[in-house]
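Each chain, letter by letter, is given below.
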Amino acid sequence: AGMEGSGEASRAVADWRLAVWTLCSVLLPVLITAWCSFQRSRRQLLIRDIFRKSKHDWHYTDLFGQPSYCCVCAQHILRGAFCGCCGLRVSERCLKKADQRFLCKEIMMRGTGGAPSSMPHHWIRGNVPLCSCCMVCKQQCGTQPKLCDYRCVWCQYTVHDECMVDCLRTEDCTFGEFKDLIIPPYYLSTINQMRKEKRTSYEKVVPYCRKHWMPVIVLANTRSGNNMGETLLGEFKMLLNPVQVFDLSKIAPAKALQLCTLLPCNAVRVLVCGGDGTVGWVLDAIDEMKIKGQERYIPQVAILPLGTGNDLSNTLGWGAGYAGEVPVEQILRNVMEADGIKLDRWKVQVTNKGYYNLRKPKVFTMNNYFSIGPDALMALNFHAHREKTPSLFSSRIINKAVYFFYGTKDCLVQECKDLNKKVELELDGERIELPNLEGIIVLNIGYWGGGCRIWEGMGDEPYPLARHDDGLLEVVGVHGSFHCAQIQVKLANPVRLGQAHTVRLILKSSKMPMQVDGEPWAQGPCTVTITHKTHALMLYHSGEQTDDDASSLSE
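- With an unreviewed UniProt entry as reference, the protein is termed Diacylglycerol kinase, source organism Callaeas wilsoni.
- Checking UniProt for the protein, the heading Sequence similarities (unreviewed entry) contains the comment "Belongs to the eukaryotic diacylglycerol kinase family."

Shown next as structure tokens:
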């Protein structure tokens, strides 16, 4: 009995030991995971706190795009933080030291007691751009696998460690290739001082009086098209003064454009990075400047197409879409070389029938085109689908695929048939007899529907010349979605209804889809009147060649 009791006791002890070890084997990984998670969240909190308080434009990345070295400890790093303005790269553990030790690009110079007209280079050591050359010996920089060589954050010149001499550290910076586009920090500090003293003679300030100075303001919509805006913001901040670069998701164009009032009259250029909708938003803000009496500060507008359609950009020679194939430096060169032209802007007034005229008419501003019919229906379906699931529409290819789907569906259903029986069309007060149509398109620019020259059609028959600055609108009809597709691939001509200074369209019955510059809605019986509103000052880039231009040249 005693032996049986001792055996049971030893089994109980063994069971307890097994239970304890099992519990430890389960709890230990859980505790280690929880501790690591706590440390990670604490570290992320500290990093976010540094990012928030810092004057640097810090961003965190899990993998650098090129071999990188920490600017503090000089160790090779795969991940860490980088500054979007000055280009510093640093490991996670050295972030606080780097933030305290190194200055970022200053948008304004600190008070020096006078009115400076120059500033020294701002050198950053290491991580120089690939294929950059030393300004002293003209040999390639950054070839050694370590933290080496220097780069000026303003002029972008690079210098070898052994070529860096004391005179270069104190030498005045020339601002490099883009000196005519950059707003120097000393200029803004002088202007700020003059404003405090209530003086407005800005033209006496250097570089205001520089002959070819044409400062550029970059307005980027980070939500446009293929979501490249975020990357472009950083690249433009690296090459220009960060005060010149604005994110339109954080600041409205009207506020950003007030910078023009501190710059030379009729010399500022604005680069809009976004789709045609973003361009229209900026042009509306420029119209507001005219109303405020700031007409002499009106800038000229260039476009970097990030949207889906980009018909206005295509018309002005900036291409049908940007996917990073052109370096940012070349984009700035194109902006410098572009020629100024005018663009007609039109007022579209939609007055509902009935209601004893108690409702105010809807008023839109048109830059590209107005339409009623199948293309407006496709835009309306696309818009409704995007409102429900916006995360699916982050790619230009997906957007066009959805348009294709709704266009194919309309070929089978024909929701807009017998349009000619539902509407009346007047061009400059003259009634137009309509053939059997499903859609009517009123054009201000050469391109429509994502790159189609609809007014030209196949180009096998004579047609009146169309321009975007002649005060005339081109009006065409289409027989349906399939006809639109045929015109897109140059297998059919549109029904050319005429050109006019004023277009009036009366929807007599039923509800029809309409759109102005890609903004669609469903409209009941109404009268649509399109009249000239104003001109916009745009920039035309003659170097860009579209697919249609290339094919016509080869023919």
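What follows continues from the structure just given.
1. Digging into the sheet that holds strand S8 (residues 158–159)
Here is step 1: Within the open sheet, the 3 strands sit side by side as S6-S7-S8. Their pairing is antiparallel. Only two strands of the sheet have a single neighbouring strand rather than two, namely strand S6 (123–125) and S8.
Here is step 2: Bridge analysis of strand S7 (residues 150–152) against S8 gives 2 bridges, and the strand direction is antiparallel. In the strand pairing of S8, Tyr 150 is matched with Val 159.

2. Points about the nonpolar core
Here is step 1: Formed by 99 residues in total, the largest nonpolar core has its most connected members in Tyr 187 and Phe 236.
Here is step 2: Element by element, the count of residues in this core is highest for helix H7 (residues 276–291), at 6 residues.
Here is step 3: Domain assignment of the residues forming this core places at least three in each of domain 1 (48–105) and domain 2 (214–337).
Here is step 4: Non-local contacts of Phe 236, meaning those with residues more than four positions away in its chain, are made with Val 218, Val 245, Leu 271, Cys 273, Val 328, Ile 331 and Leu 332.
Here is step 5: If you look at the next biggest cluster of nonpolar residues, it comprises 32 residues, including Trp 346, Leu 419, Leu 434 and Val 495.

3. Observations concerning the pairing of strand S16 (residues 423–427)
Here is step 1: Burial of S16 is extensive: 4 of the 5 residues sit out of reach of the surface.
Here is step 2: As defined by bridge partners, S16 adjoins strand S21 (residues 503–507) across 5 bridges and the pair is classed as antiparallel. Bridge pairing links Leu 425 to Leu 505 in S21.
Here is step 3: As paired elements, S16 and strand S17 (residues 430–432) share 3 bridges and run antiparallel to each other. By the bridge assignment for S17, Leu 425 is matched with Ile 432.
Here is step 4: The turn linking S16 back onto S17 is made up of 2 residues, and Asp 428 within it adopts a positive phi angle of 50°.

4. Digging into the environment of Asn 310
Here is step 1: Relative to the helices and strands, Asn 310 is located in the loop between strand S12 (300–305) and helix H8 (311–315).
Here is step 2: Taking the C-alpha atoms as reference, Asn 310 lies 9.0 Å from Gly 449; in sequence the two are 139 residues apart.
Here is step 3: Here Ala 320 takes part through its backbone oxygen, which lies 2.9 Å from a polar atom of the side chain of Asn 310.

5. Remarks on the sheet that holds strand S5 (residues 89–90)
Here is step 1: Read from one edge to the other, the open sheet built from 3 strands follows the order S1-S4-S5, with strand pairing classed as antiparallel. Single-partner strands in this sheet number two, and they are strand S1 (58–61) and S5.
Here is step 2: As defined by bridge partners, strand S4 (residues 80–83) adjoins S5 across 2 bridges and the pair is classed as antiparallel. Bridging across to S5, Ala 81 finds its partner in Val 90.

6. A few points about the side chain of Thr 527
Here is step 1: Relative to the elements of secondary structure, Thr 527 occurs in strand S24 (residues 526–540).
Here is step 2: Setting aside its immediate chain neighbours within four residues, Thr 527 contacts Gln 349, Val 350, Thr 351, Arg 504, Leu 505 and Ile 506.

7. Digging into H7
Here is step 1: For H7, built from 16 residues, the straight-helix expectation of 22 Å at 1.5 Å per residue is met to within 8% by its first-to-last C-alpha distance of 23 Å.
Here is step 2: Gly 293 occupies a position one or two residues after H7 and carries a positive phi of about 85°.

8. Description of the packing of helix H5 (residues 229–239) against helix H9 (residues 328–337)
Packed helices, taken two at a time, are described by the angle between their axes plus the distance between the axes.
Here is step 1: For the pair H5 and H9, interaxial distance at closest approach is 10 Å and the crossing angle is 70°. Between H5 and H9, the angle is such that the two are roughly perpendicular. The element H5 and its partner H9 pack so that their crossing is right-handed. Between H5 and H9, the residues in contact are Leu 232, Glu 235, Phe 236 and Leu 239 and Val 328, Glu 329, Ile 331 and Leu 332, respectively.

What counts as what
- Residues numbered from 1 in each chain as written.
- Predicted model: local features only at pLDDT ≥ 70, side-chain atom pairs only at ≥ 80, totals over all residues.
- Heavy atoms only, no water.
- UniProt positions renumbered as here; feature names shortened; annotations may be inferred.
- Pairing = 2+ DSSP bridges.
- Helix = DSSP H or I, 4+ residues; strand = E, 2+ residues; numbered from the N terminus.
- Core = buried A, V, L, I, M, F, W, Y, C linked by side-chain atoms within 4.5 Å.
- Buried < 20%, exposed > 50% of the residue type's maximum accessible area, 1.4 Å probe, protein only.
- Domains from an automatic or database assignment.
- Contact = heavy atoms within 4.5 Å.
- Polar contact = N/O pair within 3.5 Å; in protein donor to acceptor, adjacent residues only side chain to side chain.
- Expected span 1.5 Å × (residues − 1).
- Axes fitted to C-alpha atoms, helices over the stretch in contact; angles between N-to-C directions.
- Parallel < 35°, antiparallel > 145°, perpendicular 65-115°, else oblique.
- Left-handed = near helix turned anticlockwise from the far one by under 90°.

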